[in-house]
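In case you want the letters, here they are:
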Amino acid sequence: MKKTSTRLADGRELIYYDLRDDTVRDAVDRRPLERTVTTSEIRRDVLLGDSVAVASHRQGRTYLPPADQCPLCPSRGEHLSEIPDSSYDVVVFENRFPSLAGDSGRCEVVCFTSDHNASFADLTEEQAGLVLDAWTDRTAELSHLPAVEQVFCFENRGREIGVTLGHPHGQIYAYPFTTPRTALMLGSLAAHKEASGGENLFDAVLERELAGQRVVLASDHWVAFVPYAAHWPYEVHLYPRRRAPDLLALDEAARTEFPKVYLELLRRFDRIFDEGYGSVRGVGENAVVESPTPYIAAWHQAPFGVLADFEGVTRDEFALHLELFTIRRTSGKLKFLAGSESGMNVFINDVPPEAAAQRMREVASS
């Protein structure tokens, strides 16, 4: 991997990650951009104990532009985009409309490929491995920023999820606090350790799932399963067999095998629903082309700050894992968050986790 860092016209950092060591990146951003002005602010909810990012400047962000105006495609001819060069393998840059900025953290965009019409599942194993390298490198770099306590790499795919740019990409949020979701896991980890006399809760969960009927895919170094209490209709958790607190701590064997395993999971997601990719549902005027399965893929990593609020727990006891889920509950129907989910954070799942796991096994690549 070759890493080349440069600056966009408004001062934001952009980093190329290339497969070839002899790649030269010297293109200059020719756009007449002024310095980006952000108004990100973190406000704490004293009743719930969580934090909210207030970022009014995001109201003006780009929304679903046509392909020939995509800001994530390479710059070619008169089309000047966020990427000055005419091609790229993987590129990361500071978000022009960040939710977090300055003392409130940092937000970055990760473009997986220069091919506008592709998706992560279309990447080769070599390309997917390069994305993993980029995630790992950015986790390392962002963890050293004074304001950053936790790094979150994720991908949103599909208009149903709320994606505003169709080009295959993900994001990285560097939070100035431990996120509520992670704090809940750390609290459960601490409580289980004390109650069990030292057992690691993540290890116990993985052992239980390996012995059950919800395993979707198991390789030498990774295990994917539908969790016992899945929140979403189709939700898969991917764990390395050897526990690691973050992407930096993954051993070489797990890193090497990850692309093959992850690409298989993503391709299965696109085959969950009978109609599948780009097929037609309905007849005549009621015909609808089924879109690729919308999903969120989220990496959970241990915070880099001091875990003073979780007595007896060290960050090495946290287990890196990826959660992959879709809001589509069946062909043509979405799982909307209703009163119980949105108002009380109590999820109601229409698809039994065992049935979801069975379906995920049925659509395995031949």
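Before reading on, note that the structure itself is shown above.
Quick caveat: nothing in here was measured; it's all calculated off a predicted structure.

Asker: Teacher, can you tell me more about the pattern of salt bridges here?
Answerer: Should their charged atoms come close, side chains of opposite charge can pair. In this structure the tally under the stated criterion is 31 salt bridges. Across the salt bridge formed by Arg138 and Asp137, the nearest N and O atoms sit 4.0 Å from each other. For the pair formed by Arg138 and Asp137, the shared burial category is buried. One salt bridge connects Glu354 with Arg214, and the closest N-O pair in it is separated by 2.8 Å. Taken together, the residues span a long stretch of sequence, with Glu354 in helix H6 (residues 353-362) and Arg214 in the loop between helix H3 (201-210) and strand E9 (215-218) at a distance of 140 residues.

Asker: What should I look at first to understand empty space enclosed by the protein in this one?
Answerer: Summary: where empty space remains is shown by rolling a probe the size of a single water molecule over the atoms. For the coordinates displayed, the defined rule picks out two cavities of 30 Å³ or more. Computed from the structure, the second largest cavity encloses a volume of approximately 30 Å³. Lining the second largest cavity we find Trp135, Cys153, Phe154, Glu155, Tyr262, Ala297, Trp299 and Leu322. Taken together, the elements giving at least two residues each to the lining of the second largest cavity come down to strand E7 (150-157) and strand E14 (295-300). At three residues, the largest contribution of residues to the lining of the second largest cavity is made by E7. Counted by class, the lining of the second largest cavity contains seven nonpolar, no polar and one charged residues.

Asker: How should the packing of helix H1 (residues 125-143) against helix H4 (residues 252-269) be read in this particular structure?
Answerer: Two quantities define a packed helix pair, namely the angle between the helix axes and the distance between the axes. Where H1 meets H4, the axes come as close as 9 Å, and the angle between the chain directions of the two elements is 115 degrees. Our pair here, H1 against H4, has a crossing hand that is right-handed. When H1 is examined against H4, the residues Glu125, Ala128, Gly129, Leu132, Asp133, Trp135 and Thr136 are found in contact with a partner set consisting of Arg255, Phe258, Pro259, Lys260, Tyr262 and Leu263. Residues that form the contact of H1 with H4 fall into these classes: seven nonpolar, two polar and four charged.

Basis of the calculations
- Residues numbered from 1 in each chain as written.
- Predicted model: local features only at pLDDT ≥ 70, side-chain atom pairs only at ≥ 80, totals over all residues.
- Heavy atoms only, no water.
- Salt bridge = Lys/Arg side-chain N within 4 Å of Asp/Glu carboxyl O.
- Buried < 20%, exposed > 50% of the residue type's maximum accessible area, 1.4 Å probe, protein only.
- Helix = DSSP H or I, 4+ residues; strand = E, 2+ residues; numbered from the N terminus.
- 1 Å grid on protein atoms, 1.4 Å probe; cavity = no way out; pocket = protein on both sides within 12 Å on 5 of 7 lines; lining within 4 Å.
- Points joined across faces, edges and corners; volume = space filled by probe spheres on them.
- Nonpolar A, V, L, I, M, F, W, Y, C, P; charged D, E, K, R; others polar.
- Axes fitted to C-alpha atoms, helices over the stretch in contact; angles between N-to-C directions.
- Left-handed = near helix turned anticlockwise from the far one by under 90°.
- Contact = heavy atoms within 4.5 Å.

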